[in-house]
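Topology and contacts: notes
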Number of protein chains: 2
Amino acid sequence: MGAGAMGEIKHLVIVKFKEGVVVEDIVKGMEKLVSEFDLVKSFEWGQDSEGPEMLTQGFTHSFSMTFDKKEDYAEFQSHPNHVEYSATFSAAIEKIVVLCFPSVRVKPSA
Amino acid sequence: MGAGAMGEIKHLVIVKFKEGVVVEDIVKGMEKLVSEFDLVKSFEWGQDSEGPEMLTQGFTHSFSMTFDKKEDYAEFQSHPNHVEYSATFSAAIEKIVVLCFPSVRVKPSA
């Protein structure tokens, strides 16, 4: 696929939280969780507070993590700390999309 | 929000393509478009071909671009080349979520 550099495994989560959820607490929990695992190579998140419903479909937050390889993601996912956090997270969301894929970086080129 | 470094503007698009669409051509078109604009700072994409429907909600592809500032995104978006590409892209998709937000990078720390 052209000049793309095949790289890390990206774990992308977009969500709409339930009304009344204190999103700041959820994010803090995720920051704490991620800080405990060296195998989480990167973690970024953001909130879209301006996009029209036609584009956002009601989703407001994006969370993305990268891992060197699929096995690292699997290890993270099955760790008790992640399992515990996931229960809290799941209870807070109204809807979610989770995608996990080898990321093709086109720009900046490697 | 903790140690997060507030940074670039991220433009995130996740889609499910219509049946019969040659996704490779769509991606090539996007790679070409992005290569024409210096103000697109990064461009990554990926395909989730294994995730369960319960998590992916049928979405298969993620495309993400970053810009230094909102104005750059607006300039890119309104450029005739982008408008033209968008028409092709829109015709190819069954569903889409678009989020645009200032990205908070927690890891690696700045």
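Nothing here was measured: the structure is a model prediction, and the numbers come from that model.

Overview of the overall build of chain A
On a plain count of helices and strands, chain A comes out with four helices and four strands. Dimensions of chain A along its principal axes, counting C-alpha atoms only, are 45 × 35 × 15 Å. Counting contacts in chain A only where the partners sit at least 6 residues apart, residues at least 24 apart contribute 80% of the total. A gap of 5 Å separates the mean positions of the 11 positive and 17 negative side-chain charges of chain A.

A few points about the packing of aromatic side chains
Residues and elements named next belong to chain A. Applying the stated criterion across every chain, the model contains 16 aromatic pairs over all chains. Relative to Tyr73, the ring of Phe67 has its centre 5.4 Å away and its plane inclined at 55°; by these criteria the two rings are tilted. According to the relative accessible area criterion, Phe67 is buried, its value standing at 0%. One cation-aromatic arrangement involves Lys95 over Phe59; the distance from NZ or CZ to the ring centre is 4.5 Å.

Re empty space enclosed by the protein
Under the criterion given, the structure shown has one cavity of 30 Å³ or more. What lines the largest cavity is a set of 19 residues, and nearest its centre among them are A:Lys10, A:Leu12, A:Ser64, B:Lys10 and B:Ser64. Listed by contribution, the elements that provide at least two residues to the lining of the largest cavity are strand 1 (5-17), strand 2 (42-47), strand 3 (61-67) and strand 4 (93-107) of chain A together with strand 1 (5-17), strand 2 (42-47), strand 3 (61-67) and strand 4 (93-107) of chain B. In terms of residue class, the lining of the largest cavity is built from seven nonpolar, eight polar and four charged.

Re the UniProt feature "domain: Stress-response A/B barrel" (unreviewed entry) in chain A
Here the UniProt feature "domain: Stress-response A/B barrel" (unreviewed entry) sits at residues 9-101 of chain A. Secondary structure across residues 9-101 of chain A divides into 42% helix and 33% strand, with the first and last C-alpha atoms of the span separated by 6 Å.

Details of the pattern of salt bridges
With the rule as written, the count across this model stands at 14 salt bridges over all chains. With a shortest N-O distance of 2.9 Å, A:Glu36 and A:Lys32 are connected by a salt bridge. One salt bridge connects B:Glu50 with A:Lys70, and the closest N-O pair in it is separated by 3.0 Å. Taken together, the residues B:Glu50 in the loop between strand 2 and helix 2 (53-56) and A:Lys70 in helix 3 (residues 70-78) connect one chain to another. Looking at B:Glu50, the relative accessible area reads 61%, which means it is exposed.

Regarding the interface of chain A and chain B
Facing the 43 residues of chain A at the interface are 42 residues of chain B. Both faces considered, chain A and chain B share a buried interface measuring about 3500 Å² in area, 59% of it formed by carbon and sulfur atoms. At the junction of chain A with chain B, the criterion picks out four salt bridges. At the boundary of chain A with chain B, the tally comes to 24 residue pairs in polar contact (both at pLDDT 80 or more). Elements supplying a minimum of two residues to the side of chain A that touches chain B: strand 1, helix 1 (23-35), strand 2, helix 2 (53-56), strand 3 and strand 4 of chain A. Sort the elements by how many residues they give to the side of chain A that touches chain B and strand 4 of chain A lands first, with 12 residues. Looking at side-chain class alone, the side of chain A that touches chain B contains 21 nonpolar, 10 polar and 12 charged residues. Judged from the three bridges that link them, strand 2 of chain A and strand 4 of chain B form a sheet pairing that is antiparallel. The partner of A:Glu44 across the bridge, within strand 4 of chain B, is B:Arg105.

Observations concerning the packing of helix 1 (residues 23-35) of chain B against helix 4 (residues 80-92) of chain B
All names here are of chain B. One way to put it is that helix 1 packs onto helix 4 with a least axis distance of 11 Å and a crossing angle of 165°. Viewed along their axes, helix 1 and helix 4 adopt a mutual orientation that is roughly antiparallel. By crossing handedness, the relation of helix 1 to helix 4 is classed as left-handed. In this structure, helix 1 uses Ile26, Gly29, Met30 and Leu33 to contact helix 4, whose residues at the interface are Asn81, His82, Tyr85, Thr88, Phe89 and Ala92. The residue inventory of the contact of helix 1 with helix 4, partitioned by class, reads six nonpolar, four polar and no charged.

What counts and what doesn't
Residues numbered from 1 in each chain as written. Chains lettered and ligands numbered in written order. Predicted model: local features only at pLDDT ≥ 70, side-chain atom pairs only at ≥ 80, totals over all residues. Heavy atoms only, no water. Helix = DSSP H or I, 4+ residues; strand = E, 2+ residues; numbered from the N terminus. Contact = heavy atoms within 4.5 Å. Lys, Arg positive; Asp, Glu negative; His and termini not counted. Charge placed at Lys NZ, Arg CZ, Asp CG, Glu CD. Phe/Tyr/Trp six-rings, centres within 6.5 Å; stacked < 30°, edge-to-face > 60°. Buried < 20%, exposed > 50% of the residue type's maximum accessible area, 1.4 Å probe, protein only. Lys NZ or Arg CZ within 6 Å of the ring centre and 35° of its normal. 1 Å grid on protein atoms, 1.4 Å probe; cavity = no way out; pocket = protein on both sides within 12 Å on 5 of 7 lines; lining within 4 Å. Points joined across faces, edges and corners; volume = space filled by probe spheres on them. Nonpolar A, V, L, I, M, F, W, Y, C, P; charged D, E, K, R; others polar. UniProt positions renumbered as here; feature names shortened; annotations may be inferred. Salt bridge = Lys/Arg side-chain N within 4 Å of Asp/Glu carboxyl O. Buried area = accessible area lost by both parts, 1.4 Å probe. Polar contact = N/O pair within 3.5 Å; in protein donor to acceptor, adjacent residues only side chain to side chain. Pairing = 2+ DSSP bridges. Axes fitted to C-alpha atoms, helices over the stretch in contact; angles between N-to-C directions. Parallel < 35°, antiparallel > 145°, perpendicular 65-115°, else oblique. Left-handed = near helix turned anticlockwise from the far one by under 90°.

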